[in-house]
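Observations on the model geometry
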Amino acid sequence: MGRLFAVEIVYRGIFQKTLAKNISRGIVLAAHAEGKPGISFGRYGDSPERNGIPAKNFAIVGTDDVTLEEGMAKYEPTEVDISIAVDDTLCKGVESWAWYGLQPINRLLKPGGALIVTSREQPDALIAMCHRKEYPYRLAIVKGTPSFSGLWVYKDDHTDVRILGAVAKLLPDLVGLEAVQKVILAEWRDPLKATSAARAYERTTTTTVRPDQGNPEKPYQFELPKWWEMREGIAIPCIRPGQPMQDMDNHKTGGFRPERNPTFKKFTTRTMRPVVNFDTCIKCTLCWLQCPDSCFDVTPDGLYDANMEACCGCGVCEAVCPVTDCVTMVNEVAFHDNASQWEMWKKDKDAYQTWLNGKIEHRPERSHGFRYRGQYEEQTPEMLEIAREG
Amino acid sequence: MAQAVAHRAEETEKTALITGSEAIAVACKLADVDVITAYPIRPYDTVMQYVAKLVANGEFDCEYIVAESEHSQFEIVKHASAVGARVFSGSSGVGWMYAFEALTVTPALRIPMVVMVGNRALDDPGAFGVEHNDALAVRDLGWQLVWVDSAQEALDTALIAYRVAEDRRVFLPCAISCDGAFLTHSQGLVKIPSQDKVDAFLPPYQRGDLLLHPDNPITIAPQANEDWLMEIRRQTAAGMERSTAVIREAYAEFEQIFGRKYGNPFFEEYATEDADVVLVGMGTLSTPVKVAIRQMRREGKKVGFVRVRWFRPFAAEELARTLGRFSAVGVIDRDFSLGSPHLGGVLATEVRAAMYLATSQPPVLGFICGLGGREVTVPDVRKMSDIIREAAEGHPQPPTQWIGLRE
Ligand code: SF4
Ligand code: SF4
């Protein structure tokens, strides 16, 4: 038996579909240029994709055909040499729309394997977001704003080739820089892209993440029922309607919190979250009415608290809120838990205002790629600048 | 209670001269079906016409919906059944095929829909006559399939079908096949059972925890991935497995309440006791076969006949045990399965598969006969019997032969 290599690319459905495919293909083609066979595929359960929902692509390479076949006998690899998170908020965990539970971003990493993340954050911030792993692994950051496109448009900001450069650095037995550059020239005919890959190769450094570092939470899991335990007729009990909320100051009940699916939470779809200024809210109900996932809890004092276990970060509430800066979408990286904003506000209104202002300031604008016309043209030069200069 | 009802209802039983289609419409009325959907296609349309007449005459109270196509026809009753209505529908030939998507989704949702298929050749060419390929097309999907050969049996089987399909252990749809023309358009004398007896035989439809109702909030027919499909299929398969015993119970109770005997529910045996060779078939070809057998017996040829009623569930072991008693078996298919093993028919292929595990394995020959409503004649039956006798005597015969073909 020769050697088998597996790389997974974890990405945001639709927005990063082409990006993930480019990376996966690039790895397999570069390995092929070095005489190693391989395959590139997307996790079928993730498709058809939904906006922002975590999804996966895999590149499997063997040193020979028989070894590759060993790797292909299992549809999804059980362990990988490299995990690539093309959006840093994926470090909080991955819940596919095809319902596999919440998976830590580093779940499939082999001991000593490498996690590559595209981010503008420092290693410490990313390590804190990732779930703890029982053995050490390496973290490498490809610096830049995570690259988001639409279904029909690809933002060619060199993220794909920069990651290929980083892969060559981290696992030279899989692909060397020379093969990567050769494939880039053949695929894109763009010498600048080959240069970007070389820059990333030169700059990639790693931080070792120890088992005592990271988010100590156990991700939620569930057992799939046996066939005779399931209700017949593909009948699924509904989520019950929900209940009034309790005001922790006077213990009065009021408002309404809908019950939510305990096993499909959706919050790992979020790359931005809404923060609400309860002091300027005019209780117009629009956010509550328009949220596509019924995420707002109606509080006993008639306010609307976006529930962070359920919110997928679509930004509709921000768009419909009639009060300036009352609902603001903020980069998800700036938060460490899913705590209720309304409870924070109730506890200490001044402290909440300080917290809120800090969060709003913090935001570098993130984007799903279609917020306004001309945005790509604005962002791409900046990304290319980062690719060149680091 | 069944006994008491049997006595009292004796006098109220009437005899009517009606077609197989009309007999099924009468069964709908007796079963007090709630929702019926219709879309015209010959020969099934005879049922919808008769139901419409019963409704128009004020004899039968049901929601009678003429859909805009067969697909909607079966979708409407599927939904009505999910909310607790007893339903009836039906079609023929390519109309049944047009509903195919609706037909495939019904078994896994455990919808005990009862329908009538007026068997008709599939287009092209457009033809009205009987072939069994229409109903057989759903044979792998979780539909219970039964063939009848008389108007009386059509009526009785429709009542039995509701009882079996709506049994919580089963909850699977059931299609009753009636040969186009020979049964759908021929009137025979039919005993119409009294309402009391039918009520004693047929309990109300209870959907229990699968009822789509605000008091039982569930969602049905969701999108599900590979983590769920096998378990769902296994559940549907379990319903079909249990159906065999439920069918037996239903026939036993039918006999007790109505006094009409059908013997083995799964297949009827005719003149088999001392037979050397047997023919096997489904539906109305039983008439020429029986007449030919009586002729041949007068000549000392011991031929018997096994008429398969329930094709799904298929009584494989029992049928194989029965057929193993003879020295050769000839299966008459009023259908075809082009390119199948031995280029034969569906029934022959199933019979051979059933015989594979049997201890006694006489040769099984297949005959394609009576397609598109062509008559299966007495001489045809004699010819087929001669061929299987040859095989029984050790002279090998081709596995599939077309009988009654101009050649
Ligand atoms: S971003 Fe706002 S509208 Fe969108 S899911 Fe979250 S709470 Fe609802
Ligand atoms: S839309 Fe804005 S103002 Fe209206 S209820 Fe929501 S947060 Fe308050």
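Calculation rules
Residues numbered from 1 in each chain as written. Chains lettered and ligands numbered in written order. Predicted model: local features only at pLDDT ≥ 70, side-chain atom pairs only at ≥ 80, totals over all residues. Heavy atoms only, no water. Helix = DSSP H or I, 4+ residues; strand = E, 2+ residues; numbered from the N terminus. Buried < 20%, exposed > 50% of the residue type's maximum accessible area, 1.4 Å probe, protein only. Contact = heavy atoms within 4.5 Å. Areas by Shrake-Rupley, 256 points an atom, 1.4 Å probe, with all protein chains shown as cover. Lys, Arg positive; Asp, Glu negative; His and termini not counted. Charge placed at Lys NZ, Arg CZ, Asp CG, Glu CD. Near = heavy atom within 4 Å. 1 Å grid on protein atoms, 1.4 Å probe; cavity = no way out; pocket = protein on both sides within 12 Å on 5 of 7 lines; lining within 4 Å. Sits in = over half its atoms within 2 Å of the grid points. Axes fitted to C-alpha atoms, helices over the stretch in contact; angles between N-to-C directions. Parallel < 35°, antiparallel > 145°, perpendicular 65-115°, else oblique. Nonpolar A, V, L, I, M, F, W, Y, C, P; charged D, E, K, R; others polar. Buried area = accessible area lost by both parts, 1.4 Å probe. Salt bridge = Lys/Arg side-chain N within 4 Å of Asp/Glu carboxyl O. Domains from an automatic or database assignment. Polar contact = N/O pair within 3.5 Å; in protein donor to acceptor, adjacent residues only side chain to side chain. Points joined across faces, edges and corners; volume = space filled by probe spheres on them. Pairing = 2+ DSSP bridges. Right-handed = clockwise from strand over helix to strand, strands pointing away.

1. Here we look at the overall build of chain A
Within chain A, the regular secondary structure consists of eleven helices and 14 strands. With the C-alpha coordinates aligned to their principal axes, the bounding extent of chain A is approximately 70 × 55 × 40 Å. The buried share of chain A, reckoned over its 390 residues, is 53%. In chain A, once contacts between residues fewer than 6 apart in sequence are set aside, the share between residues at least 24 apart is 77%. Looking at chain A as shown, the accessible area adds up to about 17,800 Å², and 52% of this sits on carbon and sulfur atoms. If the 48 positive side-chain charges of chain A are averaged to one point and the 53 negative ones to another, these points end up 1 Å apart.

2. As for the site of ligand 1
Around ligand 1 sit 14 residues, and of these A:Cys291, A:Cys311, A:Cys314, A:Gly315 and A:Cys317 come closest. Under a 2 Å grid-point criterion requiring more than half of the atoms, the pocket assigned to ligand 1 is the second largest cavity.

3. As for the packing of helix 6 (residues 191-203) of chain A against helix 11 (residues 375-389) of chain A
Residues and elements named next belong to chain A. Contact pair helix 6 / helix 11: the axes reach a minimum separation of 8 Å and the direction vectors enclose 55 degrees. Taken together, helix 6 and helix 11 sit at an angle that is classed as oblique. Mapping the contact onto sequence places Leu192, Ser196, Arg199 and Arg203 in helix 6 and Ile386, Ala387, Arg388 and Glu389 in helix 11. Looking at the contact of helix 6 with helix 11, its residues break down into three nonpolar, one polar and four charged.

4. Some points on the interface of chain B and chain A
The interface of chain B with chain A comprises 24 residues on the first partner and 18 residues on the second. Counting the surface lost from both chain B and chain A, the interface buries some 2,000 Å², and carbon and sulfur atoms represent 63% of this. Summed over the three residues of chain B that lose the most area to chain A, namely B:Pro217, B:Trp228 and B:Gln235, the buried surface amounts to 29% of that side. Across the chain B-chain A interface, the total number found is four salt bridges. The residue A:Glu232 makes a salt bridge to B:Arg110 at a minimum N-O spacing of 3.0 Å. Those elements giving two or more residues to the side of chain B that touches chain A turn out to be strand 9 (218-220) and helix 10 (229-258) of chain B. Top contributing element to the side of chain B that touches chain A by residue count: helix 10 of chain B, with six residues.

5. A closer look at the domain arrangement of chain A
When the parts of a complex come together, some accessible area is lost, and that lost area is often used as the size of the interface. All names here are of chain A. Partitioning chain A into structural domains gives domain 1 (4-222) and domain 2 (230-262 + 272-361). Centre-to-centre, using C-alpha coordinates, domain 1 lies 33 Å away from domain 2. If you look at the interface, domain 1 gives five residues, while domain 2 gives five residues. For the pairing of domain 1 and domain 2, the buried interface totals around 490 Å² over both sides, and the portion due to carbon and sulfur atoms is 58%. If you look at where domain 1 meets domain 2, you find one salt bridge. Lysine 92 is the salt-bridge partner of glutamate 332, the closest N and O atoms lying 2.8 Å from each other. Connecting domain 1 to domain 2 are two residue pairs in polar contact (both at pLDDT 80 or more). Taken together, the residues of the side of domain 1 that touches domain 2 sort by class into one nonpolar, one polar and three charged.

6. Brief notes about the environment of A:Arg12
All names here are of chain A. Within the fold, arginine 12 resides in strand 1 (residues 4-12). Not counting chain neighbours up to four residues away, the residues in contact with arginine 12 comprise Lys17, Gly52, Ile53, Pro54, Asp87, Thr89, Leu90, Phe148, Thr268, Thr269, Arg270 and Thr271. In terms of polar contacts, arginine 12 uses its side chain to reach the backbone carbonyl oxygen of threonine 268, at 2.4 Å.

7. Notes on empty space enclosed by the protein
All names here are of chain A. Scanning all chains against the criterion turns up four cavities of 30 Å³ or more. Each pocket or cavity is described by its volume, and for the largest cavity that value is around 110 Å³. Cys281, Cys284, Cys287, Cys321 and Cys326 are the residues nearest the centre of the largest cavity, which is lined by 17 residues in total. Classifying every residue of the lining of the largest cavity gives 15 nonpolar, one polar and one charged. Empty space within the second largest cavity amounts to approximately 70 Å³. If you go around the second largest cavity, you meet 13 residues; those closest to its centre are Cys291, Cys295, Cys311, Cys314 and Cys317. Of the residues that constitute the lining of the second largest cavity, the class distribution is eleven nonpolar, one polar and one charged.

8. As for the site of ligand 2
All names here are of chain A. Close contacts around ligand 2 come from Cys281, Ile282, Lys283, Cys284, Thr285, Cys287, Tyr304, Cys321, Pro322, Val323, Cys326 and Val327, and that covers them all. Here ligand 2 is seated within the largest cavity. Here the shell around ligand 2 is built from residues that sort into ten nonpolar, one polar and one charged.

9. Thoughts on the domain arrangement of chain B
All names here are of chain B. Domain annotation of chain B identifies domain 1 (2-258) and domain 2 (267-402). The C-alpha centroid of domain 2 is placed 28 Å from the C-alpha centroid of domain 1. Contact with domain 1, which involves 27 residues of that partner, is made by 25 residues of domain 2. Buried area between domain 1 and domain 2, both sides added, is near 2,300 Å², and the carbon and sulfur share of it is 58%. It is Arg139, Trp147 and Asp149 that lose the most area in domain 1 upon contact with domain 2, and together they represent 23% of the buried surface on that side. A salt bridge links arginine 334 to aspartate 179, with the nearest nitrogen and oxygen atoms 3.9 Å apart. There are 16 residue pairs in polar contact (both at pLDDT 80 or more) connecting domain 1 and domain 2. Sorting the residues of the side of domain 1 that touches domain 2 by element identifies helix 7 (133-136), strand 6 (144-147), strand 7 (174-179) and helix 10 as the ones contributing at least two each. For the side of domain 1 that touches domain 2, the element with the most residues is helix 10, which contributes six residues. Here the side of domain 1 that touches domain 2 is composed, by residue class, of 14 nonpolar, six polar and seven charged.

10. Description of the pattern of salt bridges
Residue and element names in this part refer to chain B. Taken as a whole and assessed by the stated rule, the structure comprises 51 salt bridges over all chains. Glutamate 153 is paired through a salt bridge with arginine 307; the nearest N and O atoms lie 3.1 Å apart. In this pair, glutamate 153 sits in helix 8 (residues 151-165) while arginine 307 sits in strand 12 (residues 303-308), placing the two residues 154 residues apart along the sequence. There is no split in this pair, since glutamate 153 and arginine 307 are both buried.

11. Details of the sheet that holds strand 7 (residues 206-209) of chain A
Residue and element names in this part refer to chain A. Strands sit in the order 2-3-1-4-5-6-7 across an open sheet of seven strands; the sheet is mixed. In this open sheet, the two edge strands, each paired with only one partner strand, are strand 2 (38-42) and strand 7. Ignoring strand direction, the axes of neighbouring strands in this sheet form an average angle of 20 degrees. Direction of pairing for strand 4 (residues 80-85) relative to strand 5 (residues 109-119): parallel, over a ladder of five bridges.

12. Side note on the pairing of strand 6 of chain B
All names here are of chain B. Side-chain alternation along strand 6 places Gln144 and Val146 on one buried face and Leu145 and Trp147 on a second face that is also buried. Two strands pair when backbone bridges link them, and strand 6 and strand 7 are joined in this way by four bridges, in the parallel orientation. Looking at strand 7, one finds that tryptophan 147 is bridged to serine 177. In the classification by handedness, the crossover that spans strand 6, the intervening helix 8 and the parallel strand 7 is right-handed.

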